[in-house]
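The primary structure of each chain is shown beneath.
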Amino acid sequence: MENKPTREKLLREFAPQIERISASSVLWILFLLGVIGIGVYAFVTQVTEGHEVTGMRDNVVWGIYIVNFIFFMGMSYAGAIISGALHLFRTEWRKPIIRMAEYLAIISLLIGPGYILLCIGRLDRLPFLAVYGRIQSPITWDVIAISTDIFGCLIFLYLSMLRDIANLRDFSELKLPKWRKKLYSALALGYTGTPEQEKRLKRATDIMAAMVIAIAIIVYSVLAWIFSVTLQPGWHSTIFGPYFVIAAVYSGTGVLIITMFVFRKIYRLEEYITRKHFVAMGVLMVVLAALFGYFTFSDYLTKWYGSEKNDENLIKILFSQYYWPFIFSNYIGVLVPLLVIGIPKLRTINNILISAIIVVIALWLNRYLIVVPTLESPYLPIQDSRPAWAYYNPTWVEYALTAAGVALFCLLFTLGSKFVPVMNVSEMSEIPKSKGPFTEEESLV
Amino acid sequence: MDESNEKKKRSRRDFLKKGLLAGAGVVAGGSLIAAYVDKSEKESGEKVRALTTDGQIIEVDKAVIKTPRVSIKESHEGIPGRKFVMVIDLAKCKNARKCVEACQKGHHLPKSQEFMKVYLLQDSDKSAPYWFPKPCFHCDNPLCVSVCPVGATYKRSDGIVLIDNDRCIGCKFCMTGCPYSTRVFAWKHYNEFDEDKEPYSPEAGSPGKEGTVSKCDFCPDLVRIGKLPYCAQNCPMGVIYFGDIDEDTVTNGTETYRFSELIRDRAGYRYLEVLGTRPTVYYLPPVERQFPVDRGFNDLDENVKNRYKNTPYVKSHKK
Amino acid sequence: MKDLQKIVLIILLLALVVGQKTVTGQEKKDTVSEITPDLKLGYLNTSNDSITLTADIFVKRETGNFALQNAEVEFTASADKENKSLGKAKADVAGTAVLKLYVKSGLPVDKEGKTTFTVSFAGKDKYLAASGNVAFKKAKILVTFTKEDTIRTIHVKAVQVEANNEQKPIKGETVNVYVPRMLSNLKIGEVKLDDNGTGTVEYPGALVGDSLGNIAVIAMIEESDLYGTVKGQSTISWGIPKQYYLAEKPSTRELWTPIAPIWMIITLIIMLTGVWGHYIYAVVQLIMIKRQSKQKKDYF
Ligand code: SF4
Ligand code: SF4
């Protein structure tokens, strides 16, 4: 029981996080609720007035809803893959950030599918997906895959939180209302850390970590296939599966870095999350940047080289109408992280944060550029005098719901961090005292 | 043994098909003097749902006569022993838009929804521009059907691809699946939908429903009673031919051709064959045209005319 | 739920609006001046002593022609002073009233052998009375077939029925030869009748019949001033048996069929059982943890 002091110390340190809600965080939560409220209003408008209130029309049938859907799902898979992989490889430096990755996985997984529901014209008929489901349809694959994924992530998150919940239950100094203590003790499943229990928990967690990685890859490929099984120029591509997976992990890494930064600031975790962690994540991001750049390049290179009529047309549009978004997402979004992290001198926390933000925006735009321009340049040229039919312009409803999704994401993260510390206390307390939370000797990835 | 079984099976199918059509042909009621009436042909179409009338004289637009509708279940099955095909003669099209108008009237569509669209195409700079009416191609390998998660869009035994608006969940996947931009979505409840008081039937494709997808349906409700689809009936130039490909015959109402001869003699082709969707709509190339392309701009609504203002042909003309 | 309520509301509102419109529309129509319908009478003699009379009733308005559904018309046959009512029929959805007659004898004929058929609409509401008529002589066309070596021939013979019931050949008329198709007739030849009222046309071959290879051939005198439209029909087994294109078996590669390919179902089942099996394993571990907690209680 030599870790005991560390655990006690950690718990004592993190207790305020979950015990108190400061005035500023109340304000913050109210603000988020406000944004979500606007989103709810937008949603009601869309349901009562029909999808006409969106910018989508017969040519661009999917707009930023689907972009958000891909984006959030991508973050979720990234969270799952990162936490699963870090867990399986027993990387030491994972410990302070693994809980955030798990939260990222589950929270964005709860929000993402909401966006696909916003695209659906008849929400009242959703049960038909089960009643009349056709296995041939990639949407059915997606429905099955996402629900499987949600269960997997929930189990995984729960497994990895179990010990912390048990800790909180047993931590007598915690000043919390009775119901919360009761909740902890119920959720802790009577875990007391006997060798037998520990063995079982470890086994289950390992298996779920592997599962979560595998499912994340499958699910995101399925999502990519929704696009690539069609014949649309720009979508009908064989590399979309791996491309999407890489892009997902890439964007997720960016989001994770931002999350790390934010929590580090708010909860004063400088002691635990150090520059080294940022650099480690940064290096991961660079690897992914290279891969992402490589996939993007080969996708567009093959289209451009052969210049089939419709591909040529698409590329022309990308380089004219969408010039800046295209440059930003596919050049700046790749090169900035490469430079910032590639050059050791530039590797400050702030710089890494900035490149993470750039990556996140670039990847959102990347998805937009995959979805919208393709729909704007179908095989038969659009001949329509109504501008909305020819060019997609998102309306306030779509923006409001996008903002609401981001707000919900922040809200759930905030509440999650109030429920169980954003750091895995039990894992961190296992670190031998001599070494400290993060050691120089450890390799970066 | 086998052969005679096969024969029996076949003739049963023939009978079904004939019975259906004969039944549909005789819709007249009323009192007839018994001695003169030919009773042998009195099998009334049980398959066809009769219109309810209270004896009042009703005026119905002759251009878009409504027909009795079959139930949703039946409309999933298809007309027995048929396989429909359409041939569009580009040489005769002058963008009169009568097909579009009749179709919209017949299906109770708002102006913003067109099942039939007329494009002004020009394959390359130097090649000739032409008017290109485009219905749904009712592909034999329809991607729209493959991707539908709930089977709301389906292909019937007679080759027609239909949408069941009572089942469609509005995911719009089929709209991206179709490479020919054929499908339209009801972005809201259009008033025109309410004009149709009949019960919904996928065969009639009407009344439309908010939040679902619809498209050209080859008017199986008309074909069932031996009439041509609205577009073919109403084209003043007789551009659109329709028929049963197994019978090798297509007609535009005034002329009837053997399908195989027409395609052979006029070098008929299918649009974007390369995509492998195997359309059942064939085009006859715009050769030896009866009208110059510009004739198609006459008498157009301003907003319809504006559709074509960004086409290469119109742009090059302005210069 | 909101959605539903709103849809119901909209429908109700629209019903109200539309309802009002039709009401005002009717009021307007009532004040509108009366109108005389057009009545067109079609005549088809199918040679087997059967005549089909088709009356088309419609009104012409600025916006197009409108069929008068449900209008009741009466058919009569007359010659000289004899007048015989044939029956009444109601116009169907397309404004067409059909009367099929089976007439071996008994129709009034004048001395040329002609019968005048009249259709009349008595008038109702704002629709004034209207009528139309045609006068034709009874005729018959016979279609027969012969085959010599590889040459197959269609023979046509046409006769007219005189007032005294005597049959005489029709000379010099043009007879069109068709095969009937689902939506129209496909023309396969034309015959100019000789002095015996006969003529031949070669059977063109490569025509699709029904699934047994039976094919109907029609010979028609169309819209003649004297005989009206006369049709003779016969069936022969010269057709190519009709192949049902994709009535039953689509090729296995395609994904649009209602049932997914078997490999897809198997893959899905394997993957799902694999994944969910592991989930269950993990959950079982959790349950075991819970069970074991009862055995030992101190953690710290
Ligand atoms: S044209 Fe489009 S909508 Fe019509 S059957 Fe083919 S893929 Fe489907
Ligand atoms: S929009 Fe309707 S018809 Fe189209 S794929 Fe979705 S459910 Fe099927």
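All of these numbers come straight from a predicted model, not from anything done at the bench.

Undergrad: So what's going on with the overall build of chain C? Which residues, and what values?
TA: When you go through chain C residue by residue, the secondary structure sums to 2 helices and 16 strands. Out of the 300 residues in chain C, the part that is buried amounts to 46%. In chain C, once contacts between residues fewer than 6 apart in sequence are set aside, the share between residues at least 24 apart is 54%. Carbon and sulfur atoms make up 55% of the accessible area of chain C, which amounts to about 16400 Å² in all.

Undergrad: An account of the packing of helix α4 (residues 98-119) of chain A against helix α15 (residues 396-419) of chain A is requested, with residue identities and associated values reported.
TA: Any two packed helices are characterised by how steeply their axes cross, that is the angle between the axes, and by the distance between the axes. Residue and element names in this part refer to chain A. In contact at an axis separation of 10 Å, α4 and α15 are set at 150° when each is read in the N-to-C sense. Taken together, the axes of α4 and α15 lie roughly antiparallel to each other. Here α4 and α15 pass one another in a crossing that is right-handed. Contact residues: Met100, Tyr103, Leu104, Ile107, Ser108, Ile111, Tyr115 and Leu118 in α4; Leu401, Thr402, Gly405, Val406, Leu408, Phe409, Leu412, Phe413, Gly416 and Ser417 in α15. Grouping the constituent residues of the contact of α4 with α15 by class yields 13 nonpolar, 5 polar and no charged.

Undergrad: Talk me through the interface of chain A and chain B; I want residue IDs and the actual numbers.
TA: Counting residues at the interface gives 43 residues for chain A and 50 residues for chain B. Buried surface at the junction of chain A and chain B, both sides included, amounts to about 3700 Å², of which 60% is carbon and sulfur. When residues of chain A are sorted by the area they lose upon contact with chain B, A:Asp58, A:Leu380 and A:Gln383 head the list and together hold 20% of the total. Between A:Glu52 and B:Lys188 there is a salt bridge whose closest N-O contact spans 3.6 Å. Taken together, chain A and chain B are joined by 23 residue pairs in polar contact (both at pLDDT 80 or more). Broken down by secondary-structure element, the contributors of at least two residues to the side of chain A that touches chain B are α5 (128-131) and α6 (138-170) of chain A.

Undergrad: Kindly report on the packing of aromatic side chains, identifying the contributing residues and their values.
TA: Residue and element names in this part refer to chain A. Under the criterion given, the structure shown has 57 aromatic pairs over all chains. An angle of 80° between the planes, with centres 6.4 Å apart, marks the rings of Tyr243 and Phe244 as edge-to-face. Ring plane angle 25° and centroid distance 5.9 Å describe the contact between Trp364 and Tyr368, whose orientation is recorded as stacked. Of the two residues, Trp364 and Tyr368 are both situated in helix α13 (residues 349-376); the distance of 4 residues between them amounts to about one turn of the helix. In this structure Trp364 comes out as partly exposed when scored by relative accessible area, which is 22%.

Undergrad: Give me the sheet that holds strand β8 (residues 130-137) of chain C: which residues, what numbers.
TA: Strand pairing in a sheet relies on backbone hydrogen bonds. The paired strands run either parallel or antiparallel. Residue and element names in this part refer to chain C. As summarised here, the arrangement of the 4 strands in space is β5-β4-β7-β8, forming an open sheet in which the pairing is antiparallel. Strands with a single pairing partner mark the edges of an open sheet, and in this sheet they are β5 (82-90) and β8. Within this sheet the neighbouring strands show an average axis-to-axis angle of 20°, counted without direction. As defined by bridge partners, strand β4 (residues 72-79) adjoins strand β7 (residues 114-121) across 6 bridges and the pair is classed as antiparallel. Looking across to β7, one finds that Glu74 is bridged to Ser120.

Undergrad: Can you break down empty space enclosed by the protein residue by residue, with the values?
TA: Scanning all chains against the criterion turns up 13 cavities of 30 Å³ or more. The calculated volume of the largest cavity comes to roughly 350 Å³. Looking at the largest cavity, it is lined by 27 residues, and the ones nearest its centre are A:Asp58, A:Asn59, B:Lys117, B:Tyr119 and B:Ser181. Elements represented by at least two residues in the lining of the largest cavity include exactly α13 of chain A together with β3 (117-122) and α4 (173-177) of chain B. With 3 residues, the top contributor of residues to the lining of the largest cavity is β3(B). Of the residues that constitute the lining of the largest cavity, the class distribution is 12 nonpolar, 8 polar and 7 charged.

Undergrad: Describe in detail the domain arrangement of chain C, supporting the description with residues and values.
TA: Residue and element names in this part refer to chain C. Domain boundaries in chain C define domain 1 (38-137) and domain 2 (139-236). Placing the centre of domain 1 and that of domain 2 at their C-alpha centroids yields a distance of 26 Å. Each partner contributes to the interface: domain 1 provides 15 residues, whereas domain 2 provides 16 residues. Together, the buried faces of domain 1 and domain 2 total about 1200 Å²; carbon and sulfur atoms form 48% of this surface. It is Asn45, Ser47 and Lys137 that lose the most area in domain 1 upon contact with domain 2, and together they represent 50% of the buried surface on that side. Linking domain 1 with domain 2 are 2 salt bridges, by the criterion used here. The shortest N-O distance in the salt bridge between Lys140 and Asp49 comes to 3.8 Å.

Rules used throughout
Residues numbered from 1 in each chain as written. Chains lettered and ligands numbered in written order. Predicted model: local features only at pLDDT ≥ 70, side-chain atom pairs only at ≥ 80, totals over all residues. Heavy atoms only, no water. Helix = DSSP H or I, 4+ residues; strand = E, 2+ residues; numbered from the N terminus. Buried < 20%, exposed > 50% of the residue type's maximum accessible area, 1.4 Å probe, protein only. Contact = heavy atoms within 4.5 Å. Areas by Shrake-Rupley, 256 points an atom, 1.4 Å probe, with all protein chains shown as cover. Axes fitted to C-alpha atoms, helices over the stretch in contact; angles between N-to-C directions. Parallel < 35°, antiparallel > 145°, perpendicular 65-115°, else oblique. Left-handed = near helix turned anticlockwise from the far one by under 90°. Nonpolar A, V, L, I, M, F, W, Y, C, P; charged D, E, K, R; others polar. Buried area = accessible area lost by both parts, 1.4 Å probe. Salt bridge = Lys/Arg side-chain N within 4 Å of Asp/Glu carboxyl O. Polar contact = N/O pair within 3.5 Å; in protein donor to acceptor, adjacent residues only side chain to side chain. Phe/Tyr/Trp six-rings, centres within 6.5 Å; stacked < 30°, edge-to-face > 60°. Pairing = 2+ DSSP bridges. 1 Å grid on protein atoms, 1.4 Å probe; cavity = no way out; pocket = protein on both sides within 12 Å on 5 of 7 lines; lining within 4 Å. Points joined across faces, edges and corners; volume = space filled by probe spheres on them. Domains from an automatic or database assignment.

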